[in-house]
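# Descriptive structure summary
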There are 2 protein chains.
Amino acid sequence: MTSRQNRRDRSDRGIPEATVARLPVYLRALTGLQERGVATVSSEELAAAAGVNSAKLRKDLSHLGSYGTRGVGYEVEYLVYQISRELGLTQDWVVAIIGVGNLGRALAGYGGFASRGFRVAALLDADESIVGEEIGGMTVRHIDRLEDVIADHGVSIAVIATPAAAAQGLCDRVVASGVTSVLNFAPVVLQVPDGVDVRKVDLSIELQILAFHEQRKAGGPDEYGPRPGQDAGHYVETVRRDARPGNGNGMTRAAEFTESAT
Amino acid sequence: MTSRQNRRDRSDRGIPEATVARLPVYLRALTGLQERGVATVSSEELAAAAGVNSAKLRKDLSHLGSYGTRGVGYEVEYLVYQISRELGLTQDWVVAIIGVGNLGRALAGYGGFASRGFRVAALLDADESIVGEEIGGMTVRHIDRLEDVIADHGVSIAVIATPAAAAQGLCDRVVASGVTSVLNFAPVVLQVPDGVDVRKVDLSIELQILAFHEQRKAGGPDEYGPRPGQDAGHYVETVRRDARPGNGNGMTRAAEFTESAT
DNA sequence: GGATGTGAACCGATTCACAGCC
DNA sequence: GGCTGTGAATCGGTTCACATCC
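So, here's what we can say about the structure. Keep in mind that what you see is a predicted model, and the values were worked out from it rather than measured.

Moving on, we come to the pairing of strand S5 (residues 118–125) of chain A. Residue and element names in this part refer to chain A. Counting buried positions along S5 yields 7 of 8 residues, so the element is predominantly enclosed. Pairing of strand S4 (residues 93–98) with S5, which is carried by 6 bridges, proceeds in the parallel orientation. Residue tryptophan 93 lies in a different strand from S5, and its bridge partner there is phenylalanine 118. Pairing between S5 and strand S7 (residues 138–142): 3 bridges, direction parallel. Counterpart to leucine 124 in the pairing with S7 is arginine 141.

A few words now on the sheet that holds strand S7 (residues 138–142) of chain B. Across the sheet, 7 strands lie side by side as S6-S7-S5-S4-S8-S9-S10 (chain B); this open sheet has mixed pairing. Every interior strand has two partners, whereas the edge strands, strand S6 (134–135) and strand S10 (197–200) of chain B, have only one. The pairing of strand S4 (residues 93–98) of chain B with strand S8 (residues 157–160) of chain B spans 4 bridges and is parallel. Counterpart to isoleucine 97 of chain B in the pairing with S8 of chain B is valine 159 of chain B. Along the sheet, helix H9 (residues 203–217) of chain A makes contact with S4, strand S5 (118–125), S8, strand S9 (181–184) and S10 of chain B, crossing S9 of chain B at roughly 165°.

Contacts to DNA strand D come from 24 residues, most closely from Ser43 and Tyr74 of chain A together with Arg22, Asn53 and Arg70 of chain B. Atoms of DNA strand D within 4 Å of the protein belong to the sugar or the phosphate in 67% of instances, the rest to bases. Measuring from a phosphate oxygen of DNA strand D, one finds a side-chain N or O atom of tyrosine 74 of chain A at 2.7 Å. Put simply, the parts of the chain that give the surface near DNA strand D at least two residues each are helix H3 (54–64), strand S2 (68–69) and strand S3 (73–75) of chain A together with helix H1 (17–35) and helix H3 (54–62) of chain B. Split into classes, the residues belonging to the surface near DNA strand D amount to 5 nonpolar, 10 polar and 9 charged.

So, on to the protein's contact with DNA strand C. Taken together, 25 residues sit near DNA strand C, with Arg22 and Asn53 of chain A together with Ser43, Gly68 and Tyr74 of chain B positioned nearest. Those atoms of DNA strand C that come within 4 Å of the protein belong to sugar or phosphate at a rate of 68%. The contact in question runs from a phosphate oxygen of DNA strand C to an N or O atom on the side chain of asparagine 53 of chain A, over 2.6 Å. For DNA strand C, a phosphate oxygen lies 3.3 Å from a polar atom in the backbone of tyrosine 67 of chain B. Elements supplying a minimum of two residues to the surface near DNA strand C: helix H1 (17–35) and H3 of chain A together with H3, strand S2 (68–69) and strand S3 (73–75) of chain B. Within the surface near DNA strand C, the residues separate by chemical class into 6 nonpolar, 10 polar and 9 charged.

All names here are of chain A. Spatially, the 7 strands line up as an open sheet ordered S6-S7-S5-S4-S8-S9-S10, and their pairing is mixed. Strands with a single pairing partner mark the edges of an open sheet, and in this sheet they are strand S6 (134–135) and strand S10 (197–200). Helix H7 (residues 146–153) rests against S4, S5 and S7 of the sheet, and its axis sits at about 165° to S5. The sheet contacts of helix H8 (residues 164–176) involve S4, strand S8 (157–160) and strand S9 (181–184), and relative to S8 the element is tilted by about 170°.

Here we take up the nonpolar core. Within the largest apolar cluster, 109 residues are counted, with the highest numbers of intra-cluster contacts made by Ile83 of chain A together with Ile83 of chain B. Once you skip the residues sitting within four places of it in the chain, isoleucine 83 of chain B turns out to touch Leu23, Tyr26, Leu27, Leu30, Leu61 and Leu64 of chain B.

With that out of the way, let us pick up the packing of H1 of chain B against helix H4 (residues 76–87) of chain B. Two quantities define a packed helix pair, namely the angle between the axes and the distance from one axis to the other. Residues and elements named next belong to chain B. As a packed pair, H1 and H4 sit with axes 9 Å apart at the nearest point and diverge in direction by 145°. The handedness of the crossing between H1 and H4 comes out as left-handed. Contact residues: H1 offers Val20, Leu23, Pro24, Tyr26, Leu27, Leu30, Thr31, Leu33 and Gln34, while H4 offers Val76, Glu77, Leu79, Val80, Ile83, Ser84, Glu86 and Leu87.

Residue and element names in this part refer to chain B. Taking every second residue as pointing to the same face, both faces of S9 are buried, with Ser181 and Leu183 on one and Val182 and Asn184 on the other. Two elements, S8 and S9, share 4 bridges in a ladder whose sense is parallel. Its bridge partner lying in S9, isoleucine 160 is registered against asparagine 184. In this region the chain leaves S8, passes through helix H8 (residues 164–176) and returns to the parallel neighbour S9; the handedness of that crossover is right-handed. Here S9 runs beside S10; their pairing, made up of 4 bridges, is parallel. Bridge pairing in S10 links asparagine 184 to lysine 200.

Attention shifts here to the pattern of salt bridges. For side chains bearing opposite charge, pairing can occur when the charged atoms are close. For the structure on display, the rule yields 22 salt bridges over all chains. The closest approach of N and O atoms between lysine 200 of chain B and aspartate 202 of chain B, which form a salt bridge, is 2.7 Å. Judged by its relative accessible area of 5%, aspartate 202 of chain B falls in the buried class. Note that lysine 217 of chain B and glutamate 214 of chain B form a salt bridge whose closest N and O atoms lie 3.4 Å from each other. Of this pair, lysine 217 of chain B and glutamate 214 of chain B both sit in helix H9 (residues 203–217), 3 residues apart, which is roughly one turn of that helix. Overall, lysine 217 of chain B belongs to the partly exposed group, its relative accessible area being 26%. Each member of the salt-bridge network shares a partner with another, and the members are Arg28 of chain A together with Lys200 and Asp202 of chain B.

In this structure, glutamine 215 of chain B sits in helix H9. At 2.9 Å, the side chain of glutamine 215 of chain B and the backbone oxygen of glutamate 86 of chain A are in polar contact. With near-sequence residues (within four places) excluded, glutamine 215 of chain B lies in contact with Arg85, Glu86, Leu87, Gly88, Gln91 and Trp93 of chain A.

It is worth spelling out H1 of chain B at this point. Residue and element names in this part refer to chain B. Compared with an ideal rise of 1.5 Å per residue, which puts 19 residues at 27 Å, H1 spans 28 Å between its outermost C-alpha atoms and is within 8% of the ideal. Along H1, the helix axis deviates most sharply at leucine 23, where the bend reaches about 25°; the proline proline 24 sits within four residues downstream. The buried fraction of H1 is high, at 15 of 19 residues. With its phi angle positive at about 80°, glycine 37 sits one or two positions after the end of H1.

How each quantity is defined
- Residues numbered from 1 in each chain as written.
- Chains lettered and ligands numbered in written order.
- Predicted model: local features only at pLDDT ≥ 70, side-chain atom pairs only at ≥ 80, totals over all residues.
- Heavy atoms only, no water.
- Buried < 20%, exposed > 50% of the residue type's maximum accessible area, 1.4 Å probe, protein only.
- Helix = DSSP H or I, 4+ residues; strand = E, 2+ residues; numbered from the N terminus.
- Pairing = 2+ DSSP bridges.
- Contact = heavy atoms within 4.5 Å.
- Axes fitted to C-alpha atoms, helices over the stretch in contact; angles between N-to-C directions.
- Near = heavy atom within 4 Å.
- Polar contact = N/O pair within 3.5 Å; in protein donor to acceptor, adjacent residues only side chain to side chain.
- Nonpolar A, V, L, I, M, F, W, Y, C, P; charged D, E, K, R; others polar.
- Core = buried A, V, L, I, M, F, W, Y, C linked by side-chain atoms within 4.5 Å.
- Left-handed = near helix turned anticlockwise from the far one by under 90°.
- Right-handed = clockwise from strand over helix to strand, strands pointing away.
- Salt bridge = Lys/Arg side-chain N within 4 Å of Asp/Glu carboxyl O.
- Expected span 1.5 Å × (residues − 1).
- Bend = angle between axes of the 7 residues up to and from the residue.

These figures capture arrangement, not role.
Spelled out as C-alpha cells, the structure:
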C-alpha cells in the first residue's frame, strides 16, 4: 500500500494464467458455501472444496489483493465479489451459440451461464429444419444472418458447436465481425489472428488422456511400469516395422468430419 | 540429483503430463494428414497443424522415442501408430455415459469416440421417462442398474453428465464398482480416493476465462488496463461494501444445482 | 543441405516455511 | 494461537541453439 514500492499495486494486471484458470473454481466453491450460509472460510477449507492445496489457494488469492484476515480467514461474500469482478463477471457478456445440435442445445439450456453474467442472445444453425425452432425461449436463426446477429446484439463471445468441417469458416466470419473471444467445441485447431482468444473444449481429448493413465494402471504402478528388461534406450530403426497400424482396430477410420456432436 | 534410482530409458514411463495432453492433438492433426494422403511430415508442418511451435513438438515426440528421420521428417502412418499405442488407443476402452440429457446425447452420438477405441457400452439415467429410449442404437438403462452394467460390460471409464447434485453420489458408486477413470461434466469438484483419475470439463469455466481476457482487451492493454476510478489497491474495509454483488446481475442466484445440461 | 533430437538456459508455476498480523 | 501473505527454493515445462545424422 502506501509505504512500499507500488506500481505493482494490488489489482495488478499481471495475474498468472494458471491462477486465472482456477478462479472460476474458487468462485464456484464459494457460491456453494454462500448458499449454505457460511460467512467465513479458511484457506484450508476453501482449498479442500476447490480441490487444490491451501498454499496454492493463498498464493492465487494474493494476486488479487489482500482480501483475507490473518488468524481468521476470508469473508465468503466479499471474496465472491472480488473474484467475480476480477473475472469480469460483474458485467454482462453477450454470447452467440453457433451450431444447434445436441451440444448446442445443451449449452443453450445451461443454467451456469446466465447465473454468471453470460447472456445467450442468439442460436444459429445452417440446417433449415432447425431454423425457426424455439429452444429455451429463443428462436434458432439461420447462419446466413450471423453477421447481422452479432452486430445487432453486440455479441462478444462466440461459441462454436458445429461439425469440424464448418468450424474454421464460421470462426473466420465471427472474427471478421469483430468478435475476439471464441469457445470452440469442434475438433479442429482454429487459426485466428493475433488478439483473438480461442479456448477449446475437446471431449475426445479428455478421454484419451484418461486412457493413457488407465493403461498404466493395469498391471500395477511398478509392475509393467518401468518396463524392465529389454529396450534400455535404443530406438533402433530396424525394429520399427514390427507392428503395423491401421487395419485391426479402425484407427485410420475417417474421424475428423463426423465427430462433433451437432 | 541421483539420489533416487533413475531409470531414464527410452520408452520411458515418465512422459510429462503436458506432453500427454498434447498427444491427442498431434494424433488428430496426423489422421487429418493421413486422410489427405500425406506420407511424410516435418516437425514444422505438423506443429503448425497442431497449433504449437516446432521445438515443443519435437521435444514431445522425443519422449516417445526417436521416430523421425533427420533431414526428412516423420512418417505419418508410423507416427499415428506410435502415438495411438502410447495413449492406449490400440486397445478398446469400454465407456458408460451416466446422465442422458442433451449433453449425454451429444456424447453418445459423438463420432470421435468410436474411431479412437472408445466403445460406449451403456447409457444410464434416473429419469423414468427416458429409460428405455433408444439412442444411437443403444437403450437407456435405469441408474439402479449401474453396478450390474459396469460389471457386465467391463466398463473402465465412466462419463458423468448429470446435474451437479447427483454427481458425487454416482461417482462414489462407479468407483465402488471398480472404475478408476472418470470424465466429469458436472460442475462440482468430485472427491475420489487415490488411484482414481478424474478429469473435468467445465463449460462455464472456459467462458469465464475468456471473459477475463476479453475484459482486459476493452480499452487496450495499458489504457484501461489498471482500471482507474475506484479501487486502486486498497482493500480498506470501509470501501468493501461499496458495490454489492448478488442483486443486480444474479451472481448469487443459486447456480450449483441447475447447471448441468442434462 | 535439411531436418531431427536434445543439452542448457530460461521462465512460470508450485511448494515450502515462516514472518507478520489479528 | 491461528491463519494469511509471501520471499525463497524447487519443480516442470518451454524455448534456444546446435550437434547429429540421413
